[in-house]
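Read off the chains here:
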Amino acid sequence: MNSPNSVQHRAFDEHSRLQSKPQTLDDIYGEPENFLEIEVRNHQNHGVARKMFTDYEIVCRTNIPAFKLKSSTVRRRYSDFEWFRDVLERESSRVNIPPLPGKVFTNRFTDEVIEQRREGLERFLQIVAGHPLLQTGSKVLAAFIQDPSFSKDYYHY
């Protein structure tokens, strides 16, 4: 036997459900409204002895209007990231800029150290590039991530 409460409860459930339309294949597999993918990969060592350094490939795929290119690939070294972080801090006092992975003085060209640094640089870029205030307020963000001819000398900070 149905109690009055169970009938009320069932009637409430039937009327309170959100009406939703079935998803199309474009809804499921199509390009999201806004997306930003940044990957740091393919390190390369350059130079010899004390003049040796490592740079990394930055791959960016996005449809966010703040970025001029939908797809780009550039190379940057750690000292470029240090300069970039410093500029972001000066440009945007309202945003807490995350730290870079620490500077390494010994065994810095081992696979383990290079991989840890790569992961840290990728995390750093994903955070700053995904921040809406930096996307709209930074003069260097998009250029650093996308412009292969980017030069620190062009920006006077």
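This text follows the structure it describes.
Definitions and cut-offs
- Residues numbered from 1 in each chain as written.
- Predicted model: local features only at pLDDT ≥ 70, side-chain atom pairs only at ≥ 80, totals over all residues.
- Heavy atoms only, no water.
- Core = buried A, V, L, I, M, F, W, Y, C linked by side-chain atoms within 4.5 Å.
- Buried < 20%, exposed > 50% of the residue type's maximum accessible area, 1.4 Å probe, protein only.
- Helix = DSSP H or I, 4+ residues; strand = E, 2+ residues; numbered from the N terminus.
- Expected span 1.5 Å × (residues − 1).
- Contact = heavy atoms within 4.5 Å.
- Salt bridge = Lys/Arg side-chain N within 4 Å of Asp/Glu carboxyl O.
- Pairing = 2+ DSSP bridges.
- Axes fitted to C-alpha atoms, helices over the stretch in contact; angles between N-to-C directions.

A. Representation of the nonpolar core in the model. The biggest cluster of nonpolar side chains holds 32 residues, and the ones touching the most others in it are I58, F84, F124, L125, V128 and I145. For this core, the secondary-structure elements that each account for two or more residues are strand 1 (36-46), strand 2 (53-62), helix 3 (78-91), helix 4 (111-129) and helix 6 (141-146).

B. Structural context of helix 3. Spanning 14 residues, helix 3 covers 20 Å between terminal C-alpha atoms, matching the ideal 20 Å at 1.5 Å per step. When we look at burial in helix 3, the residues that qualify are Y78, D80, F81, W83, F84, R85, V87 and L88. Taken together, the buried residues of helix 3 touch strand 2, strand 3 (71-77), helix 4, helix 5 (132-137) and helix 6.

C. Spatial organisation of the pattern of salt bridges. All chains considered together, the criterion is met by 11 salt bridges. As a salt-bridge pair, K103 and E82 come within 3.7 Å of each other at their nearest N and O atoms. You can see K103 sitting in the loop between helix 3 and helix 4 and its partner E82 sitting in helix 3, a full 21 residues away along the chain. A relative accessible area of 46% places K103 in the partly exposed class. The exposure class of E82 is partly exposed, given its relative accessible area of 31%. For E122, the salt bridge goes to R118, with nearest N and O atoms at 3.3 Å. Taken together, the positions of E122 and R118, both in helix 4 and four residues apart, correspond to about one turn of that helix. The burial state of E122 is the same as that of R118; both residues are buried. Overlapping salt bridges, with partners in common, bring together E37, E39, R41, E57 and R61 in one network.

D. View of the sheet that holds strand 1. Here we have three strands laid out as an open sheet, ordered 1-2-3, and antiparallel in their pairing. Strand pairing shows two members of the sheet lacking a second neighbour, strand 1 and strand 3, which therefore form its edges. Along the sheet, successive strands turn relative to each other by an average axial angle of 20°, direction set aside. Note: strand 1 against strand 2, nine bridges, orientation antiparallel. Within the sheet, the bridge partner assigned to V40 lies in strand 2 and is I58. In the packing of helix 4 onto the sheet, the strands contacted are strand 1 and strand 2, and the crossing angle to strand 1 comes to about 145°.

Honestly, that's just the spatial picture; any functional story needs more than this.
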